[in-house]
Amino acid sequence: DFTKVLSLVPGTAADPSSINDSPGSFGLFSANGQRGRANNYLLDGTDMNDGYRNLPAINQGGVFGIPSTILPVDAVQEFPVLSGAQAEYGRNAGAIVNIVTRSGSNDLRGSLFEYFRDDSLGARNYFNTEPNPKNQFRNNQFGGSLGGPIVKDRTFFFLAYEGQRENGGLPSVGRVPTAAELAAASAAVGGVNPVIAGLLATNPWPAPNQAPDAAGNNLVATVPFDNRVDSLIAKIDHHIGEGDLLTVRYFLGDSDQSFPLALVGGGGLPGYNTTT
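Residues numbered from 1 in each chain as written. Predicted model: local features only at pLDDT ≥ 70, side-chain atom pairs only at ≥ 80, totals over all residues. Heavy atoms only, no water.

Undergrad: What is the right way to look at the sheet that holds strand E12 (residues 155–174) in this model?
TA: Sheet strands pair by backbone hydrogen bonding; their relative direction is either parallel or antiparallel. Spatially, six strands are ordered E10-E11-E12-E13-E14-E15 in an open sheet, and the strand pairing comes out antiparallel. Edge strands, defined here as strands with exactly one partner in the open sheet, are strand E10 (109–118) and strand E15 (273–275). Averaged over all pairs of adjacent strands, the angle between strand axes in this sheet comes to 10°, irrespective of strand direction. As defined by bridge partners, strand E13 (residues 219–240) adjoins strand E14 (residues 244–260) across 15 bridges and the pair is classed as antiparallel. (Pairing = 2+ DSSP bridges. Helix = DSSP H or I, 4+ residues; strand = E, 2+ residues; numbered from the N terminus. Axes fitted to C-alpha atoms, helices over the stretch in contact; angles between N-to-C directions.)

Undergrad: Would you mind going over the pattern of salt bridges with me for this structure?
TA: For side chains bearing opposite charge, pairing can occur when the charged atoms are close. Per the stated rule, a full pass over the model turns up 11 salt bridges. Of the charged contacts, one joins Glu-181 and Arg-175 as a salt bridge, the two residues approaching to 2.7 Å between their closest N and O atoms. Take Glu-181: its relative accessible area is 33%, and that puts it in the partly exposed class. Exposure remark for Arg-175: the relative accessible area of 46% places this residue in the partly exposed category. Connected via shared salt-bridge partners are Arg-165, Arg-228, Asp-230, Asp-254 and Asp-256. (Salt bridge = Lys/Arg side-chain N within 4 Å of Asp/Glu carboxyl O. Buried < 20%, exposed > 50% of the residue type's maximum accessible area, 1.4 Å probe, protein only.)

Undergrad: Just checking my understanding: could you explain the side chain of Ser-258 for this structure?
TA: In this fold, Ser-258 is placed in strand E14. Polar side-chain contacts of Ser-258 include one of 3.0 Å to the side chain of Asn-273. A polar contact is formed between the side chain of Ser-258 and the side chain of Thr-275, at a distance of 3.2 Å. Those residues in contact with Ser-258, other than ones at most four positions away along the chain, are Pro-224, Phe-225, Asp-226, Asn-273, Thr-274 and Thr-275. (Polar contact = N/O pair within 3.5 Å; in protein donor to acceptor, adjacent residues only side chain to side chain. Contact = heavy atoms within 4.5 Å.)

Undergrad: Any chance you could explain a nonpolar patch on the surface here in plain terms?
TA: On the surface, Ile-150, Val-151, Ile-236, Ile-240, Leu-246 and Val-248 cluster together into a nonpolar patch covering about 510 Å² of accessible area. Within the residue set of the nonpolar patch, elements represented by two or more residues are strand E11 (137–151), E13 and E14. The topology assignment puts Leu-246 in strand E14. On the basis of relative accessibility, which here comes to 47%, the residue Leu-246 falls in the partly exposed class. (Patch = residues over 30% accessible without salt bridge, like charges linked within 9 Å, V, L, I, M, F, W, Y side chains within 5 Å. Areas by Shrake-Rupley, 256 points an atom, 1.4 Å probe, with all protein chains shown as cover.)

Undergrad: Honestly, the packing of aromatic side chains in this entry has me stumped. Any pointers?
TA: Each aromatic ring pair is specified by the distance between its two centres and by the angle formed by the two planes. The tally for this structure, following the rule as stated, stands at three aromatic pairs. An aromatic cluster of three or more residues is present, and its members are Phe-137, Phe-225 and Phe-259. (Phe/Tyr/Trp six-rings, centres within 6.5 Å; stacked < 30°, edge-to-face > 60°.)

Undergrad: Please clarify how the environment of Ile-58 should be interpreted in this entry.
TA: Along the polypeptide, Ile-58 turns up in the loop between strand E4 (46–47) and strand E5 (60–61). Classification of Ile-58 by relative accessible area gives buried; the value is 6%. Through-space distance from the C-alpha of Ile-58 to that of Leu-43 is 9.7 Å; in sequence the pair is 15 residues apart. Ignoring sequence-local partners within four residues, the contact set of Ile-58 consists of Leu-43, Met-48, Thr-69, Ile-70, Leu-71 and Phe-251.

Undergrad: Mind showing me how you'd approach the layout of surface pockets here?
TA: Roughly 380 Å³ of internal volume is contained in the second largest pocket. Lining the second largest pocket are 19 residues, and of these Arg-117, Asn-125, Gln-136, Phe-137 and Gly-169 sit closest to its centre. Of all elements in the fold, only E10 and E12 reach the threshold of two or more residues within the lining of the second largest pocket. The element contributing the most residues to the lining of the second largest pocket is E12, with four residues. Its residues assigned to classes, the lining of the second largest pocket comprises seven nonpolar, six polar and six charged. (1 Å grid on protein atoms, 1.4 Å probe; cavity = no way out; pocket = protein on both sides within 12 Å on 5 of 7 lines; lining within 4 Å. Points joined across faces, edges and corners; volume = space filled by probe spheres on them. Nonpolar A, V, L, I, M, F, W, Y, C, P; charged D, E, K, R; others polar.)

Undergrad: In this structure, what is going on with unusual backbone geometry? I would like to understand it.
TA: What you tend to see is this: most non-glycine residues have negative phi, and most peptide bonds are trans. Although it is not a glycine, Asp-44 adopts a positive phi angle of roughly 55°. Here Asp-44 falls in the partly exposed class, since its relative accessible area comes to 27%. A positive phi is found at Asp-153, a non-glycine position, where the angle reads about 70°. Relative to the helices and strands, Asp-153 resides in the loop between E11 and E12.

In structure tokens form, the structure reads like this:
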């Protein structure tokens, strides 16, 4: 994600994760004391700001900031960051981030990459103790690019794609009532009304799988998650005469995400994921 290095420019500031510059500001970084929303993002000189948070329209966060669309890194030629820019840019008082995408040339060139991670290659999570089964995790991040001539010295094409397939389970501890506690509570009130009886019949609580710890937690539950991202950019450049250039560009970003609510302090039991 090229936006993670924006804070390397002098006069900028961000938190260590480079997700925002200050609580409630919803910006990637602050330039010369301006708010994070005060920056202007351009793609090949054209506006690329979303209408809600004034962030790059392509590199957007999904559930809890996990990227939902991303500009493939191989498609980025350069991204000069201008602070205190001339009035010709206008629009915002902060920095100007002008992302320049790569173009094809007379030579046919491309790239391929694959990043792979699997639970069989890593240790257990701290909460994923034996004798519980080892939590599953798998992540594939892959893509490539291809650029070359359509008409030599005049018309060129460039394509870049990046995809991600990620799934697994996140362990968390919880407190659930035991069968003995449910029976004791029912006896203490002299019976169970039909509504509660219906709930108990569905067995909504998983069985405890460990002795209570110091906080009373008697369950280690694994909540499944998954993340699918597909990002594609296509570009055609046509040189007209000696100094004019016509560019046509198309970007497609699509994703599905489902992550446990517990990531933001909610419940950690299965069935309560945030899905987008």
